[in-house]
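Here are the chains, one letter per residue:
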Amino acid sequence: MNTEPLVLITGGGGSLGAELTLLLSGMGRKVRVFDLPGLDYDLLEETAGIEVFPGDITDRASLSEAAADVDSVIHLAALLPPATEEDWTRTEAVNVGGTGSLLDAVRQRNSEAHFIFSSSVAAYGDTTDENEPLTVEREFRPNDFYSRSKALAEKLVVESGLPYTVLRISGIAIPAFLEPPAVWPFMRDQRMEFVCRGDVVAALFHSVGNGEARGRVFNVAGGPTWQMLGHQYVEALFELMGVLPEEARYMDQPGWFDWYQTSDSQAALDFQQTSFQDFLIMVKKAVEELLG
Amino acid sequence: MSKGLVNLDLIIEGCRRTIEELKKMEGGDLSEELQTLERMEGELEGLKDKFFMKTVAAVPATKTCVDEVEKVNQALAGNKDNPAALKQKLNNVTDAVEVLLSKAQMRGTTLT
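Residues numbered from 1 in each chain as written. Chains lettered and ligands numbered in written order. Predicted model: local features only at pLDDT ≥ 70, side-chain atom pairs only at ≥ 80, totals over all residues. Heavy atoms only, no water.

Undergrad: What should I look at first to understand the sheet that holds strand S2 (residues 30-35) of chain A in this one?
TA: Across a sheet, paired strands are connected by hydrogen bonds in the backbone, their directions being either parallel or antiparallel. Residues and elements named next belong to chain A. Across the sheet, which stays open at both edges, the seven strands sit in the order S3-S2-S1-S4-S5-S6-S10 with parallel pairing between neighbours. The strands lining the two open edges of the sheet, one partner per strand, are strand S3 (50-54) and strand S10 (216-220). Direction aside, the axes of adjacent strands within the sheet are offset by 20° on average. Sheet topology note: the strand S4 (residues 72-75)/strand S5 (residues 114-120) ladder contains four bridges and is parallel. Looking across to S5, one finds that histidine 75 is bridged to phenylalanine 117. (Pairing = 2+ DSSP bridges. Helix = DSSP H or I, 4+ residues; strand = E, 2+ residues; numbered from the N terminus. Axes fitted to C-alpha atoms, helices over the stretch in contact; angles between N-to-C directions.)

Written out as structure tokens, the structure is:
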């Protein structure tokens, strides 16, 4: 029987999950990664203290096995846009049903396990009528399949009876030379506040074993330096890539991004380590490396 | 139009001239290189809609292709190269185009 604290990370095979897994493992935590079969687990499997458990979040039997002996759960596994918008039945099965099944499995194994859930600011819906940065008290008005699934899943977590921490994560900016979305998920002049991937990893990492974070919901966004209008973000990024601003395509209806009140989150989780300027410097470096 | 896309047009046009000249040639076993170039012409057309081609990173990759295609076409026009030398220049073109095709497959980002 395992006596060392074990963290289960669903979706641990994805880019965010893998980075978090390696960080936790590097800090001496035992980690069990639960994600779909067929992913590239080579690096994780080679790392001491990491166990890979291939499975499907919609398979209750494998969830029950995966939940054995866990002390903390970080639930990242989810269907994301644009796939979510194609099929509500599938989205509900994975994002809502999968969360419910995981909660059941964990409760049966350890009713004191700390359940950390990656929710999304998407659940707020269209907030363009707001005048202040959103607090976590803002009601949900989901306006698409993804936002609806996150709102429903979060409710399950909060009502589960397990000690929980909910992180409502904003759009994740990856400091690399990557192809952007064909259409940016916001209007040209919409308020938006993304967050660097490393800071999201930090927020999740600092949630583990954090008594101050138990029973609480947090907005996870970049902070004041990341608060801007959509076109300002895109134009800053495009300038580094040498792409003309007129190449950008924006939504013609509001997306679900806005500005967020994160001072409470930062106080509890100490995750805002990357300013928007820091992020641009990292992207610039990635472009320069490509140019040789 | 971005510099990358301008260069891409030059590469495609240059490859077409090369293909035309190779088809007129008698003797010399360059059929494999001809086939490769014909395939690549189609793949290069497909790059026109790629985001990568609008970025500054496309400039060095396409410039190399432009230069290598130009060297081949000058050799074909001058008819001075022996078959081995011509084959090497053609391989330089296809190598450069393969690099461009690979780089243009930029990994995408998921925001949420």
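The structure having been displayed, the exposition proceeds.
Undergrad: Before we go on, may I ask you to explain the packing of aromatic side chains in this structure?
TA: Two aromatic rings, taken as a pair, are described by how far apart their centres are and by the angle between their planes. Residue and element names in this part refer to chain A. According to the stated counting rule, one finds 21 aromatic pairs over all chains in the structure shown. When the centroid spacing of 6.3 Å and the interplanar angle of 35° are considered together, the rings of phenylalanine 186 and tyrosine 250 count as tilted. On the criterion of sequence distance, the pair formed by phenylalanine 186 in the loop between strand S7 (172-173) and strand S8 (191-192) and tyrosine 250 in the loop between helix H7 (230-241) and helix H8 (263-269) is long-range, its members being 64 residues apart. Of the residues examined, phenylalanine 186 reaches a relative accessible area of 0% and is grouped as buried. (Phe/Tyr/Trp six-rings, centres within 6.5 Å; stacked < 30°, edge-to-face > 60°. Buried < 20%, exposed > 50% of the residue type's maximum accessible area, 1.4 Å probe, protein only.)

Undergrad: Help me understand the nonpolar core in this model?
TA: Soluble globular proteins tend to pack their nonpolar side chains together in the buried interior. Among the nonpolar cores identified, the biggest contains 67 residues, and Trp184, Tyr233 and Phe279 of chain A together with Leu44, Phe52 and Leu100 of chain B are the most heavily contacted of them. Top contributing element to this core by residue count: helix H3 (residues 58-78) of chain B, with eight residues. If we skip the residues at most four places from it in the chain, phenylalanine 52 of chain B touches Phe177 and Leu290 of chain A together with Ala57, Ala58, Leu100, Lys103, Ala104 and Met106 of chain B. Residues Val33, Val200, Ala203 and Phe271 of chain A belong to the second largest nonpolar core, which totals 34 residues. (Core = buried A, V, L, I, M, F, W, Y, C linked by side-chain atoms within 4.5 Å. Contact = heavy atoms within 4.5 Å.)

Undergrad: Before we go on, may I ask you to explain helix H1 (residues 3-24) of chain B in this structure?
TA: Residues three or four positions apart in an α-helix share a direction because the helix packs 3.6 residues into each turn. Residue and element names in this part refer to chain B. Between the first and last C-alpha of H1 there are 32 Å, a value that for 22 residues agrees with the 32 Å anticipated at 1.5 Å per step. Within the span of H1, buried status applies to Gly4, Leu5, Asn7, Leu8, Ile11, Ile12, Gly14, Cys15, Thr18, Ile19 and Leu22. Among the structural elements, helix H2 (31-45), H3 and helix H4 (83-103) are those in contact with the buried residues of H1. (Expected span 1.5 Å × (residues − 1).)

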